[in-house]
Protein chains: 4
Amino acid sequence: MDVRAQAVASSPAPASAPMKTNVANIAVLGASGYTGAEVVRLTALHPNIKVTALTGDKQAGKAFSDVFPHLVAATNVPKLVKIDDVNFGDVDAVFCCLPHATTQEVIKKLPSNLKVVDLSADFRLKNPATYAEWYGHEHAAVELQKEAVYGLTELYRDQVKSARLLANPGCYPTCSQLGLYPLLKAGLILPEDILIDAKSGVSGAGRAAKEANLYCEIAEGINSYAVGSHRHMPEIEQGLTEAAGKPVTISFTPHLINMSRGMQTTSYVKLAPGVTVDQLRSQLTSTYEGEPFVRVLPKGVVPHTRHVRGSNYCLMSVFPDRIAGRAIVISVIDNLVKGASGQGLQNLNLMMGWPETTALLQLAMFP
Amino acid sequence: MDVRAQAVASSPAPASAPMKTNVANIAVLGASGYTGAEVVRLTALHPNIKVTALTGDKQAGKAFSDVFPHLVAATNVPKLVKIDDVNFGDVDAVFCCLPHATTQEVIKKLPSNLKVVDLSADFRLKNPATYAEWYGHEHAAVELQKEAVYGLTELYRDQVKSARLLANPGCYPTCSQLGLYPLLKAGLILPEDILIDAKSGVSGAGRAAKEANLYCEIAEGINSYAVGSHRHMPEIEQGLTEAAGKPVTISFTPHLINMSRGMQTTSYVKLAPGVTVDQLRSQLTSTYEGEPFVRVLPKGVVPHTRHVRGSNYCLMSVFPDRIAGRAIVISVIDNLVKGASGQGLQNLNLMMGWPETTALLQLAMFP
Amino acid sequence: MDVRAQAVASSPAPASAPMKTNVANIAVLGASGYTGAEVVRLTALHPNIKVTALTGDKQAGKAFSDVFPHLVAATNVPKLVKIDDVNFGDVDAVFCCLPHATTQEVIKKLPSNLKVVDLSADFRLKNPATYAEWYGHEHAAVELQKEAVYGLTELYRDQVKSARLLANPGCYPTCSQLGLYPLLKAGLILPEDILIDAKSGVSGAGRAAKEANLYCEIAEGINSYAVGSHRHMPEIEQGLTEAAGKPVTISFTPHLINMSRGMQTTSYVKLAPGVTVDQLRSQLTSTYEGEPFVRVLPKGVVPHTRHVRGSNYCLMSVFPDRIAGRAIVISVIDNLVKGASGQGLQNLNLMMGWPETTALLQLAMFP
Amino acid sequence: MDVRAQAVASSPAPASAPMKTNVANIAVLGASGYTGAEVVRLTALHPNIKVTALTGDKQAGKAFSDVFPHLVAATNVPKLVKIDDVNFGDVDAVFCCLPHATTQEVIKKLPSNLKVVDLSADFRLKNPATYAEWYGHEHAAVELQKEAVYGLTELYRDQVKSARLLANPGCYPTCSQLGLYPLLKAGLILPEDILIDAKSGVSGAGRAAKEANLYCEIAEGINSYAVGSHRHMPEIEQGLTEAAGKPVTISFTPHLINMSRGMQTTSYVKLAPGVTVDQLRSQLTSTYEGEPFVRVLPKGVVPHTRHVRGSNYCLMSVFPDRIAGRAIVISVIDNLVKGASGQGLQNLNLMMGWPETTALLQLAMFP
């Protein structure tokens, strides 16, 4: 479907619908980080959203454009306030952009009727023991975790539509699972020996002032990090295990690249006996046919992170490996959009009954 | 005005209006360069524009997304064709993104009823002798040059509305004149000794494969270029001369910065006797009050090119100089948007009678 | 050994030695590319080298600093000339930085007493049939190919010392083999299922003016390329086959990163039965003990490409994989130094009987 | 003089000289920042320097290569210690890389026989009142300030040779004064209306973890900062006042560029009556004739920061301005080398009686 047709499809419900149905009051908790800013950027032209609260405990009292001057034209958003000063009675839905652990504490205190899109890791892992193992402490809101819906939209759209508390996937899990989940589900690749070599821009590390993320420390270079210990690993395994119908253990090695935005996963997989690379491509193509935000590229065409910059699109492609019986699945996304706030908005659109693509059809910015 | 209010103001005319009035067929000539791609990106969600022809003589026959894969979701645009294969009878307006000189030849052969937004330098200089001096050959379409309207929108909005052939300003002239023109016009700064130190991203040099623009030649470094000889100089002087009511000769030194997009002009000016820096700021503030795309920042706040990336906004500010009687005027734009295709669309919107901000209210992308 | 001790060890032979022994005349063929410039940069302070000819057919007649202004202080180097105008009778050794195929034609015409360090791919593959398969034409200097010594210095030092024609390894083969060869040789990893995910800076693509390598096309993004078809693949397989003592087929996927210099190979390997990751580290540590340019980092420390920038060093480390029985070997080099001209000089030093580290002990430049 | 000739000229004194004369023990105070690391990088191959102490109060106890992994091959340097744990009785000279204010306190406690190269701003301003005005507190070591020699080497070489406490110039003052001082001194340009538009890489801001210097905040963009209030302004004015023989007030506007290293000053000046631009070039050429580290480029050639990266060179050029009677002087340096540690070493070489260029002749690294 092209963007124009989608834009038409995305047009708001008939004008006869009551106003309150169409315009929701949204709070963004933890708005002083990059994902918070991205929510404001993306929703600025959303016809159904009015941002009525922005929280940032350390920055409370400041105009949002003092914290994010690129949003100086978004003059309709309120000042930053402390989270305790938000009147949630006036709020219809919340984007939660807080750090993990804090998130649990905050969300469990929110009115239980509020729709919540949580961008943290807190509600992604269904097994509290897995959470405890990877995050080093017991989960403090186990009941909520049971309620949470995992929001990899293309794979769980129906559940998302009826979600109240949505666990928005991590960037690496989004990028890698979009390519691998349908192939495993269809039994076209083996669940053993899946190796994911991932590359990410620096914005994934957030806006906290850390020496390791200074310009001079990052520019003109790359490095692996968290080799064998990245917290997105159990999240990916959880999804792939579901797809395979049996436990999947993956190899996952993230790399930090000197770019602000962008993510690629290069996944090395084994074909099931008798399966060809063309069958993998066919499977992905049919899985994502009609999907507004996923594009399976033609044979031989390589996706670039540059070609999704600033957009909610995921591009992917499949290649034969030189080692017989193997294939390479490559996916790219913008880690802050499809990998965070964009997918969050895609999910909220579904949760609120709005057209899924509303305010998300901006094309990638290149160069 | 905030972006939401503007979006409402920009909503299309009542549905009862005839379709033909509301949707125009647009051709983009020379679409295989960065400004052409930017026209397609920006117009993709424009409710009144249907791109019906894209030309690129060397790339004719290719799908547009083969040439610009970041626009893979813009599946409603046609293949690239040779300019001679366009049926201009079906076209309502043209974006001309061709090189100078070629442009004159092409535009003078177009049907004279076509609205034309020309992004080249060919119709910007009103005096053909100045053109000949700076471009090394006689102008080949002098009659058309007389007809052309110079499209620095905020300064010439009324003329733009009735333009048929619009000469879209250069990026440096847009950035610098927005800051300087109103001050000169108001007599607040002197027309002598205006020094403009300008900085630009590399996309201004286009997509031609030149050694000097290779990644390795540009990365992690800056340099001045065309010192004292840049072709945007006479264009800026033409505007400032008009503003001052007397001949203005400027100093203009452009610098190439290792960034794809973005432009800053740092202008060093002399205050007219008795004038203060606060008066400059007041003048700019009142000049641009209500303007959708220009923001005069509060005292002491410095504009960054990062804060307009991908958007049609211009941010500016004024500072006292340490040398008494002097001031510094700083403006930033995205050279491909407000400095080229975005302002081109802003002008076309006016020329076609559509709301000026249509499809241009995307906020800047940061980080 | 620390750099100071090495510098002392590298000090020239006693002053009583005849001058001719100590100072050799060097020609750099194809000096107008990045590897040629790097040879000049590195040899500028070499006490035994005098560059007496620099060739560049298209740039003949120009001062070298007109072509590479960063070498403006290297005023002792001659102008660029055509290769046919070089008097090779006065030359002791040659760095050949020409494109493949051309190289064969040029080298076979050189006086057969000349020492040659060839940075092209022409003499790296020992089997002419493999060359023909990957390069699409028969090898034109098969006899010379038999004579050539493959110059991965740390692995073939003894042969290098007596080489006349040295085939300097490719950057990817250098980076990956330094990590994998000793492990395969020792039987600690299996020869099956070796997957190399490689990342390179753009300078590896040379200085030719190609659209794909423009700043705007590269900045702030990454992409895979030549998936399954890169010409360094057979070179790596040749080396690993030798190490394993049986045919090795690898998976090799290069990625282009937005940086000028730097290379990382992330290699995914299977441990031989009963072998531990600590044994891999021990093997590498003992293999490279006393090596001036290879450093095996302590357990858990990740090498960064930034930390070898501009230097001849290779940093490596080994990590356990989350999948049992697997390990991850990571190596980084500067593709233009250890991956090209630096290793070339290291080899020439050996071939000429000079201390191996002469003029190569500059530390990495960071930030 | 070419680099080879200089290297010969730089060779150490005859071997008969007593060892103590030739190898000095050096301490680097505040070694955990970029300028400290740069001192270690540059001195690693210095035949007369042994680094015997590195201080970093917060990092005390760590190996230096844990703090700066790019120096992993510099295994001869000691661990970081607290400054109070240094035995200064064993030290011959000190590089002081501490923050201003702290520096005064530290240096006044050092043994008074120690040679000190101070890279902070603390001893650059000769007038304590000026210091107090710009730094907001009284100078705490006024007596030492009287003793300090300002180390812009090319301008004050004789004083440097006999200095005990050397105030190493700031990066902006080095870059701008090298171009302007000789012209003012010769009366070729007017002392009025000197405007310096300066551009710097981010390493000038140091390694402190500040949000403003994160990769994402800096990448792909520029901005002015400290407009009219930068603390290098009085330092430049001090020098230019001396050159002009009368008070000079300058306009100085620094810009932060998305690069780690590099600095350019674009200075807009007025010619003295009757003076031509060629005279300016001649003056600079004759001033710097024979200087090892300054190169005046030929007419029309523009210096790039890329062409001095990692080196101690300064490139400069002069251009006519379009405004009659004006000229543009452009200089570039690497802010961490000629703008900090490199010039510091150049000065120490002179202070110790070693050849001035020792360990400083590395050519620039490009790309």
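The rules we used
Residues numbered from 1 in each chain as written. Chains lettered and ligands numbered in written order. Predicted model: local features only at pLDDT ≥ 70, side-chain atom pairs only at ≥ 80, totals over all residues. Heavy atoms only, no water. Phe/Tyr/Trp six-rings, centres within 6.5 Å; stacked < 30°, edge-to-face > 60°. Helix = DSSP H or I, 4+ residues; strand = E, 2+ residues; numbered from the N terminus. Buried < 20%, exposed > 50% of the residue type's maximum accessible area, 1.4 Å probe, protein only. Contact = heavy atoms within 4.5 Å. Buried area = accessible area lost by both parts, 1.4 Å probe. Salt bridge = Lys/Arg side-chain N within 4 Å of Asp/Glu carboxyl O. Polar contact = N/O pair within 3.5 Å; in protein donor to acceptor, adjacent residues only side chain to side chain. Nonpolar A, V, L, I, M, F, W, Y, C, P; charged D, E, K, R; others polar. Least-squares fit on C-alpha atoms with pLDDT ≥ 70 in both. Pairing = 2+ DSSP bridges. Axes fitted to C-alpha atoms, helices over the stretch in contact; angles between N-to-C directions. UniProt positions renumbered as here; feature names shortened; annotations may be inferred. Core = buried A, V, L, I, M, F, W, Y, C linked by side-chain atoms within 4.5 Å. Domains from an automatic or database assignment.

1. Regarding the packing of aromatic side chains
Tallying each qualifying case throughout the model produces 30 aromatic pairs over all chains. Pairing Tyr34(A) with Phe366(B) gives two aromatic rings, centres 6.4 Å apart and planes at 75°, and the pair type is edge-to-face. You can see Tyr34(A) sitting in helix H3 (residues 34-43) and its partner Phe366(B) sitting in the segment after helix H13 (337-352), one on each of two chains. Relative accessible area serves as the criterion here: at 3%, Tyr34(A) is assigned to the buried category. For Phe366(B), a relative accessible area of 1% corresponds to the buried category. Centroid distance Tyr172(C) to Phe252(C): 5.1 Å. Interplanar angle 75°. Geometry classified as edge-to-face.

2. Focus on the interface of chain B and chain D
In this assembly, 49 residues from chain B lie in contact with 49 residues from chain D. Between chain B and chain D, the buried area comes to about 4,000 Å², and carbon and sulfur atoms account for 53% of it. When the buried area of chain B at its contact with chain D is split by residue, Ile222(B), Arg306(B) and Arg322(B) rank highest and sum to 18% of it. Counting across the interface, chain B meets chain D through 6 salt bridges. Scanning the region where chain B abuts chain D turns up 37 residue pairs in polar contact (both at pLDDT 80 or more). In terms of residues, the side of chain B that touches chain D owes the most to one element, strand E10 (residues 250-257) of chain B, which gives 6 residues. Split by residue class, the side of chain B that touches chain D holds 23 nonpolar, 13 polar and 13 charged.

3. A look at the relation of the copies chain B and chain D
Relative to chain D, chain B is turned by 180° and slid 0.0 Å along the rotation axis, the superposed coordinates differing by an RMSD of 0.0 Å. One copy is carried onto the other by what is essentially a two-fold rotation axis. A share of 100% of the interface residues of chain B reappears at the interface of chain D, consistent with the copies meeting face to face through the same patch.

4. What about the sheet that holds strand E9 (residues 222-224) of chain D?
Residue and element names in this part refer to chain D. The mixed open sheet is built from 7 strands, whose spatial order is E9-E10-E8-E11-E14-E13-E12. A single partner strand is all that each edge strand has here, and the edge strands are E9 and strand E12 (294-296). Strand-to-strand twist of the sheet, defined as the mean angle between neighbouring strand axes without regard to direction, takes the value 20°. Bridge count between strand E8 (residues 194-200) and strand E10 (residues 250-257): 7 bridges; the pairing is parallel. Bridging across to E10, leucine 195 finds its partner in serine 251.

5. Side note on the interface of chain A and chain C
At the junction of the two partners, chain A supplies 49 residues and chain C supplies 49 residues. Looking only at chain A, the three residues that lose the most surface to chain C are Ile222(A), Arg306(A) and Arg322(A), adding up to 18% of its buried area. Between Lys199(C) and Asp197(A) there is a salt bridge, with the nearest N and O atoms lying 3.1 Å from each other. For the pair chain A and chain C, the number of links is 37 residue pairs in polar contact (both at pLDDT 80 or more).

6. Some remarks on unusual backbone geometry
In this model, Phe366(A) is joined to Pro367(A) through a cis peptide bond whose omega is 0°. Tracing the chain through its elements places Pro367(A) in the segment after helix H13 (337-352). In this model, Ala226(A) sits at a positive phi of 45°, which is unusual for a non-glycine residue. Locating Ala226(A) in the fold gives a position in the loop between strand E9 (222-224) and helix H11 (232-244). The class of Ala226(A) is partly exposed, set by a relative accessible area of 27%. The backbone phi angle of Ala359(D) is positive, close to 65°, even though this residue is not glycine. Considering the arrangement of structural elements, one finds Ala359(D) in the segment after helix H13 (337-352). Given a relative accessible area of 23%, Ala359(D) falls into the partly exposed group.

7. As for the sheet that holds strand E4 (residues 93-96) of chain A
All names here are of chain A. Taken in spatial order, the 7 strands line up as E3-E2-E1-E4-E5-E7-E6 in an open sheet, and their pairing is parallel. In this open sheet, the two edge strands, each paired with only one partner strand, are strand E3 (80-81) and strand E6 (149-150). Pairing analysis gives 2 bridges linking strand E2 (residues 49-55) to E3, with the strands arranged parallel. Among the inter-strand pairings, leucine 54 is bridged to a residue of E3, identified as leucine 80. On the sheet, H3 packs against strand E1 (24-29), E2 and E4 and is oriented at approximately 160° with respect to E2.

8. Digging into the UniProt feature "domain: Semialdehyde dehydrogenase NAD-binding" (unreviewed entry) in chain A
Mapped onto this numbering, the UniProt entry annotates "domain: Semialdehyde dehydrogenase NAD-binding" (unreviewed entry) at residues 25-163 of chain A. This span, residues 25-163 of chain A, is 32% helix and 17% strand, and a straight line between its end C-alpha atoms measures 18 Å.

9. What to know about the nonpolar core
Core analysis: the largest hydrophobic core is formed by 401 residues, its most contacted members being Phe95(A), Phe95(B), Phe95(C) and Phe95(D). Look past the residues within four positions of Phe95(A) in its chain and what remains in contact with it is Ile26(A), Ala27(A), Val28(A), Leu29(A), Val39(A), Val117(A), Leu119(A), Gly344(A), Leu345(A) and Leu348(A).

10. Digging into the pattern of salt bridges
Side chains that differ in charge, positive against negative, can pair when their charged atoms come close. Residue and element names in this part refer to chain C. For the coordinates displayed, the defined rule picks out 87 salt bridges over all chains. In this structure, glutamate 105 and lysine 108 form a salt bridge, with 3.7 Å as the shortest nitrogen-oxygen distance. Residue glutamate 105 and its partner lysine 108 are both found in helix H5 (residues 102-109); the two are separated by 3 residues, about one turn of the helix. On the accessibility criterion, glutamate 105 (34% relative accessible area) is partly exposed.

11. Notes on the domain arrangement of chain A
All names here are of chain A. The domains assigned to chain A are domain 1 (3-169 + 339-352) and domain 2 (172-335). A C-alpha centroid distance of 25 Å is found between domain 1 and domain 2. Taken residue by residue, the interface counts 28 residues in domain 1 and 30 residues in domain 2. Taken together, the two surfaces of domain 1 and domain 2 that pack against each other cover about 2,500 Å², and 48% of this comes from carbon and sulfur. Its salt-bridge partner being arginine 261, residue glutamate 38 comes within 2.8 Å of it at the nearest N-O pair. Across the contact surface, domain 1 and domain 2 share 16 residue pairs in polar contact (both at pLDDT 80 or more). Residue assignment for the side of domain 1 that touches domain 2 shows that the elements contributing at least two residues are helix H1 (3-9), H3, helix H6 (128-135), helix H8 (153-161) and H13. The greatest single-element share of the side of domain 1 that touches domain 2, amounting to 5 residues, is contributed by H13.

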